[in-house]
Amino acid sequence: MSNDNPFGEAMDEASEEKDREDQQPTSDFDTEPYYDALNTGVKDHTIGVSVSEEMHQFWRELQDTDDVDVDPAQSIRNHLENLAHRHPDVFERAMRKLEIDREM
């Protein structure tokens with residue numbers, strides 16, 4: 001490959017990666033019920049995200065204001081759900097581990 005067309009090279013690499021993914025055998029593990037449960041039900045677990053003092057103050061202000069129609073926590077949940085759909089292998093691995101933990 002030459003370095004004359006970086007965009008073309010990137011497109012070729014993406015196509016080759018897609019072909020490799022398509023050749024991988026499909027899993028027998030059904031992730032659909034887990035996708036459905038991602039953003040529903042009781043929110044009884046928390047995740048920790050370190051932020052700067054400025055970001056924390058902004059977070060508080062977003063939560064407290066009536067001028068902005070946004071729920072910051074729900075936005076983060078939505079982003080994690082989007083990531084689960086973009087990275088199905090990682091999501092499946094996490095759900096398999098969850099099932100193992102539930103069995104123990």
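The structure this text deals with has already been given above.
Thresholds, definitions, all that
Residues numbered from 1 in each chain as written. Predicted model: local features only at pLDDT ≥ 70, side-chain atom pairs only at ≥ 80, totals over all residues. Heavy atoms only, no water. Core = buried A, V, L, I, M, F, W, Y, C linked by side-chain atoms within 4.5 Å. Buried < 20%, exposed > 50% of the residue type's maximum accessible area, 1.4 Å probe, protein only. Helix = DSSP H or I, 4+ residues; strand = E, 2+ residues; numbered from the N terminus. Contact = heavy atoms within 4.5 Å. 1 Å grid on protein atoms, 1.4 Å probe; cavity = no way out; pocket = protein on both sides within 12 Å on 5 of 7 lines; lining within 4 Å. Points joined across faces, edges and corners; volume = space filled by probe spheres on them. Nonpolar A, V, L, I, M, F, W, Y, C, P; charged D, E, K, R; others polar.

Novice: Tell me about the nonpolar core, and name the residues and values.
Specialist: Ranked by size, the top nonpolar core spans five residues in total: Tyr-34, Tyr-35, Ala-84, Phe-91 and Met-95. Among the elements of the structure, α2 (32-37) and α5 (88-103) are those that each provide at least two residues to this core. Excluding its chain neighbours within four sequence positions, the residues that come into contact with Tyr-34 are Phe-29, Phe-91, Met-95, Leu-98, Glu-99 and Arg-102.

Novice: I'd like a description of the environment of Tyr-35, backed by residues and values.
Specialist: Examined against the element boundaries, Tyr-35 turns out to sit in helix α2. For Tyr-35, a relative accessible area of 8% corresponds to the buried category. Each C-alpha atom, one on Tyr-35 and one on Glu-81, is 7.7 Å from the other, the two residues being 46 residues apart in sequence.

Novice: Outline the side chain of Glu-92, supporting the account with residue identities and numerical values.
Specialist: Here Glu-92 shows up in helix α5. Relative accessible area serves as the criterion here: at 15%, Glu-92 is assigned to the buried category. For Glu-92, the residues in contact, after removing those within four places along its chain, are Ser-27, Phe-29 and Thr-31.

Novice: Just give me the short version of the layout of surface pockets, but keep the residues and values in it.
Specialist: Estimated volume of the largest pocket: approximately 1,300 Å³. Around the largest pocket, the lining is made up of 30 residues, and of these Leu-38, His-45, Ile-47, Arg-77 and Leu-80 lie nearest the centre. If you list the elements that add at least two residues to the lining of the largest pocket, you get α2, α3 (53-64), α4 (72-86) and α5. Top contributing element to the lining of the largest pocket by residue count: α4, with seven residues. Across the lining of the largest pocket, the residue classes tally to 19 nonpolar, six polar and five charged.

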